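Survey of secondary and tertiary structure
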Amino acid sequence: MGRKFTLTLIMLVACLWQPAIYASDAPVIAAASDLSYALNKVSSQFTSDTGHKIRISFGSSGNLKRQIEQGAPFELFMSADESYVIQLAKQGHTLDQGKIYALGRLVLFAPNTSALAKKLHFSALPELLADGEIRKFAIANPRHAPYGRAARETLQNVSLWQQIKGSLVLGESASQTTLFAASGAAQGAIIPHALALNPSVSEKGAYRLIDHSLHKPLRQRMVLLKTAGTTAKHFYQYLQTSAAREIMREYGFTVSGEI
C-alpha cells in the first residue's frame, strides 16, 4: 500500500510539474537595442496571435555576437549589422545566413533643455562646443555597436569628429545612448530613429533625421541559430509577415522588400 501511494504521488507530481516546465519554455531572442520598442510590440502581437511567448535580450550587436560565440542560449539573433550574422554563419553557429529584416536610420537628438534643440543641425555644433553649451555628446560605442560606428562615420563626414571627440560619452548600446540624451545627461546625441520615435523619448527632446548618405547603410539581418526550436522558428517567420513589418515601419525602419 505504501509503495503504491508513493508511486501515485510521484506520478501526480510529474504531471503537475511537466506543464510548468513547458509553460516557461519560451525561446530567448538576442536583439540589437535599437529594436527595444519595436520588437516588444511585435512580440506582444505574436503572443496575442499565436499564444506562444518569447523572451528578448537586448544589447549591442557586437556584445550579443560574442555571447553567442561563447555559448549563450539564444535561438534567434537580430543584429543591427549584417556582418555579425555572416561571421556567425561562417563559424557554424547558425542554420544559414538569415535574412535582411530592416534598414535603420539615425537622428541628431537634443534634449529640450539643450541649446542644440533650438537649432538642430550639425552646423550649430562648432559654436555650441566652443561656448561650452555642449559639454557632453553621446553616441553608442563604435567598438561593438553598429549605430555607434555609423554615428562616428557621420561625424567624420561632416568634419566634426576631431572637434567633438573630447566631449563624447559612449553608451554601451544604442538604448543606453538614448537614455543619456533623453535624461539631459548629454546635451546632444546621435541615436536610432526607431528609439527617437517612442513618445517616452520624443517628448523629452527634438530630433532631426540624418541624411543616410553620411554613413554606410545600417543593413539589419536576422538569423536562426542552430539551437532554434519550433517557437523561435515560428517567430522568425512571423517577423516576415505584413503585421510585423507594419510595426517596424511605425518605428521608422525601412523593411525587407522595400530596401
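In what follows, the accompanying structure is described.

Turning our attention to the overall build of the protein. Along the backbone of the protein there are 12 helices and 11 strands. Counting across all 259 residues of the protein, residues that qualify as buried make up 48%. Residue pairs at least 24 apart in sequence account for 75% of intrachain contacts in the protein once pairs closer than 6 positions are excluded. When the accessible surface of the protein is summed, it comes to about 12800 Å², and 53% of that surface belongs to carbon and sulfur atoms. Here the protein contributes 27 positive and 18 negative side-chain charges, whose respective centroids are spaced 6 Å apart.

This part covers the sheet that holds strand β6 (residues 137–140). Here five strands make up an open sheet; going across it, the order is β7-β6-β8-β5-β9 and the pairing mixed. The open sheet terminates on both sides in strands that have one partner only, identified here as β7 (168–171) and β9 (205–209). On average, adjacent strands in this sheet sit at an angle of 30° to one another, irrespective of strand direction. Where helix α6 (residues 146–157) meets the sheet, it contacts β5 (106–111), β6 and β8 (188–192), and its direction lies at approximately 130° from that of β6.

Moving on, we get to the sheet that holds strand β10 (residues 218–224). Strand pairing within a sheet occurs via backbone hydrogen bonds; the two strands may be parallel or antiparallel. On the basis of which strands lie adjacent, the open sheet formed by six strands has the order β2-β1-β3-β10-β4-β11 and mixed pairing. This sheet does not close on itself; its edge strands, each paired only once, are β2 (55–59) and β11 (254–255). Pairing geometry for strand β4 (residues 99–104) and β11, over two bridges, is antiparallel. Along β11, the bridge assignment pairs Ala-102 with Val-255. Lying over the sheet, helix α2 (residues 36–50) contacts β1 (28–32), β2 and β3 (76–78), oriented at roughly 175° with respect to β2.

Another point: the layout of surface pockets. A volume near 230 Å³ is recorded for the largest pocket. Together, 13 residues line the largest pocket, and Asp-81, Arg-149, Glu-153, Lys-216 and Pro-217 are the ones closest to its centre. Among the elements that line the lining of the largest pocket, the one with the most residues is α6, at six residues. Classifying every residue of the lining of the largest pocket by side-chain character gives five nonpolar, one polar and seven charged.

So, about the pattern of salt bridges. Under the definition given, this model contains six salt bridges. Residues Arg-219 and Glu-82 are paired through a salt bridge, measuring 2.7 Å at the closest nitrogen-oxygen approach. Remark: Glu-82 occurs in helix α4 (residues 82–90) and Arg-219 occurs in strand β10; sequence separation between them is 137 residues. Relative accessible area serves as the criterion here: at 31%, Arg-219 is assigned to the partly exposed category. Owing to a relative accessible area of 16%, Glu-82 belongs among the buried residues under this scheme. Close ionic contact of Glu-246 with Arg-249 constitutes a salt bridge, the shortest N to O distance being 3.1 Å. With Glu-246 and Arg-249 both in helix α12 (residues 242–250) and three residues apart, this pair spans about one turn of that helix. Salt bridges sharing partners connect three or more residues here, namely Glu-82, Arg-219 and Arg-221.

Met-78, Phe-137 and Ile-190 are the most contacted members of the largest nonpolar core, which totals 56 residues. Among residues more than four places away in sequence, those in contact with Met-78 are Ile-29, Ala-30, Ala-31, Ala-32, Leu-35, Leu-39, Tyr-101, Arg-221, Met-222 and Leu-239. Formed by 11 residues, the second largest nonpolar core is a distinct cluster that contains Phe-74, Tyr-84, Leu-88 and Val-223.

Let's shift gears to the pairing of β1. β1 sits mainly inside the fold: five of its five residues count as buried. Covered by surrounding structure in β1 are Val-28, Ala-30 and Ala-32 together with Ile-29 and Ala-31, the residues of both alternating faces. Handedness of the crossover joining β1 and β2 through α2: right-handed. Bridging between β1 and β3 involves three bridges; their strand directions are parallel. Paired with Ile-29 across the strands is Leu-76, a residue of β3.

Rules used throughout
Residues numbered from 1 in each chain as written. Predicted model: local features only at pLDDT ≥ 70, side-chain atom pairs only at ≥ 80, totals over all residues. Heavy atoms only, no water. Helix = DSSP H or I, 4+ residues; strand = E, 2+ residues; numbered from the N terminus. Buried < 20%, exposed > 50% of the residue type's maximum accessible area, 1.4 Å probe, protein only. Contact = heavy atoms within 4.5 Å. Areas by Shrake-Rupley, 256 points an atom, 1.4 Å probe, with all protein chains shown as cover. Lys, Arg positive; Asp, Glu negative; His and termini not counted. Charge placed at Lys NZ, Arg CZ, Asp CG, Glu CD. Pairing = 2+ DSSP bridges. Axes fitted to C-alpha atoms, helices over the stretch in contact; angles between N-to-C directions. 1 Å grid on protein atoms, 1.4 Å probe; cavity = no way out; pocket = protein on both sides within 12 Å on 5 of 7 lines; lining within 4 Å. Points joined across faces, edges and corners; volume = space filled by probe spheres on them. Nonpolar A, V, L, I, M, F, W, Y, C, P; charged D, E, K, R; others polar. Salt bridge = Lys/Arg side-chain N within 4 Å of Asp/Glu carboxyl O. Core = buried A, V, L, I, M, F, W, Y, C linked by side-chain atoms within 4.5 Å. Right-handed = clockwise from strand over helix to strand, strands pointing away.

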